[in-house]
Structures are given as C-alpha cells and as structure tokens.
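Structural description and commentary
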Amino acid sequence: MKQFKRLIERDGNGFVVLMAEEAEDMWHIYNLIRVGDVIKASTIRKVVSETSTGTTSSQRVHTMLTISVETIDFDPGAQELHLKGRNIEENDIVKLGAYHTIDIEPNRKFTLQKTEWDSIDIERLNLSLDPAQAADVAAVVLHEGLANVCLITPAMTLTRAKIDMTIPRKRKGFTNQHEKGLEKFYEAVSAAFMRHVNLQVVKCVIVASRGFVKDAFYQHLQAYADANGKKLTTEQKSKFLLTHSSSGFKHALKEVLETPQVAARLADTKAQGEVKALNHFLELLSTEPDRAFYGYSHVNHANQELAIETLLVADSLFRAQNIETRRKYVKLVESVREQNGKVHIFSSMHVSGEQLAQLTGCAAILRFPMPDLDDEPMSDEEK
C-alpha cells in the first residue's frame, strides 16, 4: 500500500490518500472502509447530451467524485471494491445527491475520510503500509532458474521478489556455461533476499526446493552476506529451515507449510499464533469450561473483572454497519491490552477465522476460573 498524505486530528477526524499496489492491499482497504465514510476518487460517468435537433448522444467522461458510502461490495476474486453512495460535492457532471458507484482497484488513487479513526483503523492502516513489520516468517521456494521470495503475515502471503532466469543446460564440454548461469541465478536470489527480508524481525526462514538446489543457494547466500558486510550471525543461521518442495512456483509454498516439520517449527510465530490460541480455547472449553467463554456479554463481564488472559476477535466484527457495535469491540480490545492481556484478531479469510465466527466471533481465555459467568444471560444473537 502506498500512502500519499495523512491528516488525522487528535479527536480521530481526518483523511488519508492511498493507493493499493498489490492484490493483498485490497483486503486491508475493505476492512478500513465503512458505511458513512467519505470516498473521493477519479471515476467514469456516462453523460447523455441532446442537440438542438432533438437527437441524443452519450459519452463516457472522467470526473472526480466525492461520495458518502452507503453500500460496500468486495469481490476477492477480481480484487475490486465497489462503493455506492450519494455525491456530496458540487460537480459539473453529477448532481448533488445523485447516486454513483466508485470502483477501487490496485493502482487507483483515492482519498478516505472518516469522522472517527479509532485504534483498530490506525493499526490496520499502519500494517497495510508496512506488512513486513508483521511478517515473522520468510520463505524462498526455488528450482534452477526460478525463485519466489515471500513474506508470510497472519493475514496473507506476500511475494516480495520473483527471479526467473534461463540457465544453460549441461552439455559435454560446456558445463562451465551451466555453472556460470547458476552462479548468476543464486547471486540474484541472494540480493533479493537480503533486500526484502529483515533477519532482525523474522523468526524463521524456509528455503525449499527439489534436490540440492536449496543447499547450494544457502551456501551462496552466506557468502553473499559476508561479501557485503552483513555476515550472518549464529542466531540468524539458526532461523533457517531447509526442506523439500515440488517446484519454485509460489503455489508450492502451500504444501511446504503443511508438512509436520515446518508446522512444528512455525508453532511460535504469528502465522500459527491464531490457530494455536483457538485450539487452546477449544481444548479449555472441554477440559476447563470455567476458563473459556464466548459471546460479547460473557467476555465483557470477564474483562470488567480483569480476568482475560487472551482475547480472540474476528475482524468481521469491526466491519459491523452499526457504529455502536464496532465501538464496543474496539473498546474491548483496547481495555484488554491496557490490562496486559493478549489480543488475537482473526482474519475471516482464514479457516481459523471462519471457525471463530461460528462462536460469535468473540471469545476469551481467562486467567482464573469464573463459574458464575455461566449464570449471566446471553443475547439472542450470541446463542
């Protein structure tokens, strides 16, 4: 995500000028925009004109429109966001109060204005501007001539670099050309890795390939880092995990992440943190039900008693059309954090997020048992 300007007052009122650069950025924008927000962007409007003879003609005209958002439609497949609302600024082409739909897509600049940017909005905005801050897993999947350097965040997998080079085949008497091609390829992948991966932040680096390509690359990476004055420390070397993949294409990363060896290594990272927290909650629900509760009323009551150790919240709750509903969940998150509790915000694009949504989207693991909470009534929506 690219930010051109940000002006947010202390009372939360303000605007930002943004542009999605990647398909994944559209997910963040979808989570930022709510009904009642104001969007300003360039759009196309069909204009019908009539001549003095009574004939009509139509043409499509580019214009800058400002609308108050009334409906939001997100198409994850096409990575398009359709925002429908009324025009709220004077315009030569569109009347005040007339309805129009603005389409937001990658590489299209727009202004988002809110009367209240809350802490969850700011957190989401900052994350979208620098997703590397939240990426504590890096991965390189490769085969000879092709490599993908990726960062894995709790919400998405970001391809930071793709290296595609032609390596001369091994031929009798010309093996030198093959070796030179490989050397050039490993050099390019190493440069991309050092440019996009912060070894101070990531907790694990997965290097996956067929055969011995991963081993050759890892050796070259160490030599490259050393030659550029960034010699890998013992601690940084311990973060690397070399494993098998079927190819160097990005989709091969999925099968790599599912292997028991990799899953065990990633157990303490944010990418697996949500799954781990949800599994712990479900386990307590069976073994110690007085320490595991779900539904806003039960969770909020536990929070008032300073009892929450871990809060689990689905991001869909922050997209609530009712402003008061969103505010109460924002307030709950802020309160738990103030009491040094852990907060996990689950993406509804993940299976774990869908599972949490079936449990009202709000759950908590308590520091101590609260058997009396079962006597508290739940609202009809939470049952």
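Residues numbered from 1 in each chain as written. Predicted model: local features only at pLDDT ≥ 70, side-chain atom pairs only at ≥ 80, totals over all residues. Heavy atoms only, no water.

For the rest of this paragraph, the subject is the overall build of the protein. Counting secondary structure elements, the protein contains 11 helices and 16 strands. Reported as C-alpha extents along the three principal axes, the dimensions of the protein are approximately 80 × 80 × 35 Å. Per-residue burial over the protein gives 45% buried out of 383 residues. Summed over its atoms, the accessible surface of the protein is roughly 20,100 Å², and 49% of this surface lies on carbon and sulfur atoms. Of the side-chain charges in the protein, 47 are positive and 52 negative, and the distance between the mean point of each set is 9 Å. (Helix = DSSP H or I, 4+ residues; strand = E, 2+ residues; numbered from the N terminus. Buried < 20%, exposed > 50% of the residue type's maximum accessible area, 1.4 Å probe, protein only. Areas by Shrake-Rupley, 256 points an atom, 1.4 Å probe, with all protein chains shown as cover. Lys, Arg positive; Asp, Glu negative; His and termini not counted. Charge placed at Lys NZ, Arg CZ, Asp CG, Glu CD.)

With that settled, the discussion passes to the state of the cysteines. As enumerated under the stated definition, the model contains zero disulfides in all. Between C150, a free cysteine, and C204, which holds the nearest cysteine sulfur, the sulfur-to-sulfur gap is 14 Å. (Disulfide = S-S within 2.5 Å.)

Moving on: the pattern of salt bridges. In the structure shown here, the tally under the stated rule is 14 salt bridges. The residue E288 makes a salt bridge to R291 at a minimum N-O spacing of 3.7 Å. Classification of E288 by relative accessible area gives partly exposed; the value is 37%. Residue R291 is classed as buried on the basis of its relative accessible area, which comes to 14%. Here the salt bridges do not stand alone but share partners, grouping R34, D118, D121 and R326 into one network. (Salt bridge = Lys/Arg side-chain N within 4 Å of Asp/Glu carboxyl O.)

What follows deals with the domain arrangement of the protein. Along its sequence, the protein is organised into domain 1 (2–129), domain 2 (137–267) and domain 3 (271–382). A C-alpha centroid distance of 33 Å is found between domain 1 and domain 3. Between domain 1 and domain 3, the contact holds 12 residues from the first and 15 residues from the second. Here domain 1 and domain 3 share an interface that buries about 1,200 Å² over both sides, 50% of which is from carbon and sulfur atoms. (Domains from an automatic or database assignment. Contact = heavy atoms within 4.5 Å. Buried area = accessible area lost by both parts, 1.4 Å probe.)

To continue, consider the nonpolar core. Ranked by internal contacts, the top residues of the largest apolar core, which has 30 residues, are L142, F193 and F240. For this core, the elements supplying multiple residues, two or more each, are β8 (137–143), β9 (146–152), β10 (157–164), α3 (175–196), β11 (204–209) and α4 (213–227). At eight residues, α3 tops the list of elements feeding residues into this core. Excluding residues that lie within four positions of it along the chain, F240 makes contacts with F193, L199, V205, V207, Y218, L221, L232 and R265. Within the second largest apolar cluster, 25 residues are counted, among which are A20, W27, I29 and I67. (Core = buried A, V, L, I, M, F, W, Y, C linked by side-chain atoms within 4.5 Å.)

All right, on to the sheet that holds β9 then. Across the sheet, which stays open at both edges, the five strands sit in the order β10-β9-β8-β11-β12 with mixed pairing between neighbours. Only two strands of the sheet have a single neighbouring strand rather than two, namely β10 and β12 (240–244). Strand-to-strand twist in this sheet, taken as the mean axis angle between neighbours without regard to direction, amounts to 15°. Direction of pairing for β8 relative to β9: antiparallel, over a ladder of seven bridges. Its bridge partner lying in β9, A139 is registered against C150. (Pairing = 2+ DSSP bridges. Axes fitted to C-alpha atoms, helices over the stretch in contact; angles between N-to-C directions.)

A few words now on the sheet that holds strand β15 (residues 342–346). Across the sheet, which stays open at both edges, the four strands sit in the order β13-β16-β14-β15 with mixed pairing between neighbours. A strand with exactly one partner marks an edge of an open sheet, and here the two such strands are β13 (292–294) and β15. Strand-to-strand twist of the sheet, defined as the mean angle between neighbouring strand axes without regard to direction, takes the value 15°. Sheet topology places strand β14 (residues 308–314) next to strand β16 (residues 362–366); five bridges connect them, and they run antiparallel. Opposite I308, over in β16, you have L366 as the bridge partner.

This brings us to the packing of aromatic side chains. Per the counting criterion, the structure on display carries seven aromatic pairs. Pairing W27 with Y30 gives two aromatic rings, centres 5.7 Å apart and planes at 50°, and the pair type is tilted. One end of the pair, W27, and the other, Y30, are both in helix α1 (residues 25–32), three residues apart, so they sit about a helical turn from each other. Ring geometry for F193 against F240: centres 5.9 Å apart, planes inclined by 40°, an arrangement best described as tilted. Remark: F240 occurs in strand β12 and F193 occurs in helix α3; sequence separation between them is 47 residues. Across the pair, exposure class does not vary: F193 and F240 are buried alike. The positively charged end of K109 is found above the aromatic ring belonging to F4, 4.4 Å away from the centroid. For the cation-ring pair, K114 lies above W117, with the distance from its terminal atom to the ring centre recorded as 5.4 Å. (Phe/Tyr/Trp six-rings, centres within 6.5 Å; stacked < 30°, edge-to-face > 60°. Lys NZ or Arg CZ within 6 Å of the ring centre and 35° of its normal.)

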